[in-house]
Amino acid sequence: MFLEKKLAELSNVSVKPITYGEPTSASAYLLKEINLSIKQGEWINLIGRNGSGKSTLARLIAGFGAMHVEGKVYKDESTRQVPMVLQQPDVSVVGATPWEDVVMMLEQHGMEGERIPQLAEDALRETGLHMRMHQPVETLSGGQKQLTAIAGCLAVQAPMLILDEITAMLDPGACLHVMEKVRDLNKRGVAVLWITQKLEELAAGDRVLALENGQIRFDGEAERLFERHSLEEKSSCEELGFTAPYVIQTAWELQALGIDLHPIPLTPELLAKAVSGQ
Ligand SMILES: Nc1ncnc2c1ncn2[C@@H]1O[C@H](COP(=O)(O)OP(=O)(O)OP(=O)(O)O)[C@@H](O)[C@H]1O
């Protein structure tokens, strides 16, 4: 059971782009009137089309990137700087080996020298990279590079992780492996902001935020995103123009045939269970 400590809060926040150090025209907001609170142990999935503002929001929460911010941004002392793992595996790792990368992360966070080797080794063991910790980064797979970056976040005991489409370039097996590792961290109380274009991934997590043109258009549980209140009514997912995962579309077809599926099952396993229980 985790304390529901507030790690970050954004109240009525808008962000204008900065070009050469100067804010541009008032109409060109990247984010508009964002109200959001992130609590310890929470897993938030952030979705939205290309250019909707997901990375801008992530950078704002992480605390880096030149931005012209209006409104109130509260950050807990522990989340002044939140590590961010990016989509391109090569960008996420700066060390020459997983070991070096994690050690650099610890040094950057001001960890005392004598504690560093043990913390680095523990983090690499937990992400399953222990056997490869001295392997040159350029010989690692995409998933192993993402796990290296996650090991760094784990080593510095980050209270929140921001993961920006980190499974975009991974095969389905590597996706599952990386997600499992992130889930382990989340179970230990690490808050997760998981940015994705893959709606199948929404089954993991507590809450979905959908951005459209820099504004939050949906904030709630994944089941609510896909809920159709009647046969004629569209779900929020459809109204926002997203294509629902196959399992949701199947559930909608079954609902149209009169099969009661509430809450809507988010995975094939849950769908099979719901149908067999009818
Ligand atoms: N510094 C900047 N100056 C001007 N425009 C910017 C700046 N940073 C981002 N933008 C614009 O703001 C919008 C939001 O960008 P952002 O990268 O946050 O979107 P995103 O939802 O993460 O997109 P994607 O899914 O393609 O990664 C885009 O139209 C982008 O071109």
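For clarity, every value in this text was computed on a predicted model and none was experimentally measured.

Before going further, it helps to examine the sheet that holds strand β9 (residues 191-195). The strand order β7-β8-β9-β5-β10-β11 describes an open sheet built from 6 strands, whose pairing is mixed. Edge positions in the sheet fall to β7 (84-85) and β11 (215-220), since each has one partner strand and no second. With 4 bridges connecting them, strand β5 (residues 43-48) and β9 associate as parallel partners. Within the sheet, the bridge partner assigned to Trp43 lies in β9 and is Val192. The strands that helix α1 (residues 54-62) touches are β5, β7, β8 (160-164), β9 and β10 (207-212); relative to β8, the one it contacts most, it runs at about 155°.

On to the packing of helix α9 (residues 246-256) against helix α10 (residues 268-276), then. The geometry of α9 relative to α10 is characterised by a closest axis approach of 10 Å and an angle of 20° between their N-to-C directions. Comparing their axes, α10 and α9 come out roughly parallel. Here α9 and α10 pass one another in a crossing that is left-handed. Across the interface between the two elements, Val247, Thr250, Ala251 and Leu254 of α9 pack against Pro268, Leu271 and Val275 of α10. Class assignment of the residues belonging to the contact of α9 with α10 gives a composition of 6 nonpolar, 1 polar and no charged.

Glancing now at the domain arrangement of the protein. Here the domain parsing of the protein yields domain 1 (6-227) and domain 2 (228-278). Each of domain 1 and domain 2 has a C-alpha centre, and the two are 30 Å apart. Listed per partner, the contact involves 17 residues of domain 1 and 18 residues of domain 2. Across the domain 1/domain 2 interface, buried area totals approximately 1,400 Å², and carbon plus sulfur atoms make up 71% of it. Broken down residue by residue, the surface that domain 1 buries against domain 2 is led by Glu223, Phe226 and Glu227, which jointly contribute 44%. At the surface where domain 1 touches domain 2, the tally comes to 0 salt bridges. Counting across the interface, domain 1 meets domain 2 through 5 residue pairs in polar contact (both at pLDDT 80 or more). Elements supplying a minimum of two residues to the side of domain 1 that touches domain 2: β5, β10, β11 and α7 (222-226). Sort the elements by how many residues they give to the side of domain 1 that touches domain 2 and α7 lands first, with 5 residues. A per-class count over the side of domain 1 that touches domain 2 returns 9 nonpolar, 1 polar and 7 charged.

Before going further, it helps to spend a moment on helix α4 (residues 116-126). Of the positions making up α4, those classed as buried are Ile116, Leu119, Ala120, Ala123 and Leu124. Viewed along the axis of α4, the buried residues span an arc of 125°, placing them on a single side of the element. At the C-terminal side of α4, Gly128 shows a positive phi close to 80°.

The next subject is the packing of aromatic side chains. Enumeration over the complete set of coordinates arrives at 1 aromatic pair. Between the aromatic rings of Trp43 and Trp194, the centroid separation amounts to 5.5 Å while the plane-to-plane angle is 35°, which identifies the pairing as tilted. Taken as a pair, Trp43 in strand β5 and Trp194 in strand β9 lie far apart in primary sequence, 151 residues in all. Accessibility expressed as a relative area gives 2% for Trp43, which makes it buried. On the accessibility criterion, Trp194 (1% relative accessible area) is buried. Over the ring of Trp252 we find Arg228; its NZ or CZ atom is 4.0 Å from the centre of that ring.

What counts, and where the lines are drawn
- Residues numbered from 1 in each chain as written.
- Predicted model: local features only at pLDDT ≥ 70, side-chain atom pairs only at ≥ 80, totals over all residues.
- Heavy atoms only, no water.
- Pairing = 2+ DSSP bridges.
- Helix = DSSP H or I, 4+ residues; strand = E, 2+ residues; numbered from the N terminus.
- Contact = heavy atoms within 4.5 Å.
- Axes fitted to C-alpha atoms, helices over the stretch in contact; angles between N-to-C directions.
- Parallel < 35°, antiparallel > 145°, perpendicular 65-115°, else oblique.
- Left-handed = near helix turned anticlockwise from the far one by under 90°.
- Nonpolar A, V, L, I, M, F, W, Y, C, P; charged D, E, K, R; others polar.
- Domains from an automatic or database assignment.
- Buried area = accessible area lost by both parts, 1.4 Å probe.
- Salt bridge = Lys/Arg side-chain N within 4 Å of Asp/Glu carboxyl O.
- Polar contact = N/O pair within 3.5 Å; in protein donor to acceptor, adjacent residues only side chain to side chain.
- Buried < 20%, exposed > 50% of the residue type's maximum accessible area, 1.4 Å probe, protein only.
- Arc of directions from axis to C-beta.
- Phe/Tyr/Trp six-rings, centres within 6.5 Å; stacked < 30°, edge-to-face > 60°.
- Lys NZ or Arg CZ within 6 Å of the ring centre and 35° of its normal.

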